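Listed below, chain by chain, are the residues.
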Amino acid sequence: GLAIFFGYIFVSSKFSSPYGNKVKLPGKKIEEYFTVKDESLREYVDRKKIPMEIFFENYFDGKIDLSGDALEILEARHDWASFEFCLGQAKFFLTQWIPETLWHSRKQDEGQVRDHYDRGDDFYAAFLGPLMVYTSGIISDPEKCETLEEIQENKLKFVCEIMKFKAGERHLDIGCGWGTLVAHAAKNYGVDSTGITLGKNQTEFGNNRIKEYGVDGQARIICMDYRDIPRNPKYNKITCLEMAEHVGVRLFPSFMNQVYDMLEDDGLFFLQIAGLRR
């Protein structure tokens, strides 16, 4: 059954019509969209579409140069790209997705997080801006053009207000990133806030931000695996924003039980998660 299912998905992806396309396609040759700098990609000429996976992997490897505005080229993607499954996806599924889903060991999570988030705060600051909020912004008014910093501020305000933070409450932020929510909540709402991350750079950055905000002693960032967080004393409020992919499907029920155990009976838990299932 699985073999038939995957076979169907693989074959149908080669012949299915574009999904959700709202842009009039100009019917240009592929060479008008980008320049190929590698001989192994010379077959993609004229109107022969390149699989999207092959395109973006080679673009990031510097083997493809865009020949115009990136947004315009990607909006016309159905003119030059196909969305068929390739061997690269099969390899990723078998060698990365399945092992990560099944195991999610401490060593595995530590290696992933530090390889990803400890590559340099300057790298992240280049696109996150001074607030270093990584989980999404919130637009307060669809008719208003807001800056990156404004929608990040909106996000912090939204989380803090929906959590009904009160002075003196104990707050835990699991997967706190660079600690902006922790520092913001302590400074503006008077909570005693603790952030947990596996990133060494994030820990140092977050604790420096806490000092900068003048809440040293009232807030702190700890470099720790979420499984090692002490169950007592309990917390009044717990937040977890876009960290659950580091928990994995198999361990998610035990993670939720852990949160339940760490929370006061009348406490609140805020979870933001991008998932496949309700």
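Analysis parameters
Residues numbered from 1 in each chain as written. Predicted model: local features only at pLDDT ≥ 70, side-chain atom pairs only at ≥ 80, totals over all residues. Heavy atoms only, no water. Buried < 20%, exposed > 50% of the residue type's maximum accessible area, 1.4 Å probe, protein only. Helix = DSSP H or I, 4+ residues; strand = E, 2+ residues; numbered from the N terminus. Contact = heavy atoms within 4.5 Å. Polar contact = N/O pair within 3.5 Å; in protein donor to acceptor, adjacent residues only side chain to side chain. Pairing = 2+ DSSP bridges. Axes fitted to C-alpha atoms, helices over the stretch in contact; angles between N-to-C directions. Left-handed = near helix turned anticlockwise from the far one by under 90°. Nonpolar A, V, L, I, M, F, W, Y, C, P; charged D, E, K, R; others polar.

The name an unreviewed UniProt entry gives the protein is 9684_t:CDS:1, with Acaulospora colombiana as the organism.

### A short note on helix α9 (residues 180-189)
Burial analysis of α9 places seven of its ten residues in the buried class, which makes it a mostly covered element. Residues of α9 that are buried include every one of Thr180, Leu181, Val182, Ala183, His184, Ala185 and Ala186, and no others. Elements in contact with the buried residues of α9: α8 (148-162), β5 (170-174), β6 (192-197), α10 (200-212), β7 (219-223) and β8 (235-241). Just beyond α9, the residue with positive phi is Gly190, at close to 75°.

### Overview of the side chain of Gln272
Mapped onto the elements, Gln272 comes out in strand β9 (residues 263-272). Relative accessible area serves as the criterion here: at 15%, Gln272 is assigned to the buried category. Of note is the side chain of Gln272, whose polar atom sits 2.9 Å from the backbone oxygen of Thr135. Of the polar contacts made by the side chain of Gln272, one reaches the side chain of Lys155; its length is 2.8 Å.

### So, the sheet that holds β7
The strand order β7-β6-β5-β8-β9 describes an open sheet built from five strands, whose pairing is parallel. Of all strands in the sheet, those bounded by a partner on one side alone are β7 and β9. Going across the sheet, the axis of each strand differs from the next one's by a mean of 15°, ignoring polarity. Sheet topology note: the β5/β8 ladder contains three bridges and is parallel. Paired with Asp173 across the two strands is Thr239, which belongs to β8. Each of β5, β8 and β9 touches helix α11 (residues 252-262); the most contacted strand, β9, lies at about 140° to it.

### Some details on the packing of α8 against α9
It is the contact of α8 with α9, at a shortest axis distance of 11 Å, that shows an interaxial angle of 65°. Handedness of the α8/α9 crossing: right-handed. In this structure, α8 uses Glu153, Leu156, Lys157, Val159, Cys160 and Glu161 to contact α9, whose residues at the interface are Thr180, Leu181, His184, Ala185 and Tyr189. Classifying every residue of the contact of α8 with α9 by side-chain character gives six nonpolar, two polar and three charged.

### Comments concerning the environment of Lys200
Relative to the elements of secondary structure, Lys200 occurs in helix α10. Other than its neighbours up to four places away in sequence, Lys200 contacts Arg114, Asp118 and Cys223.

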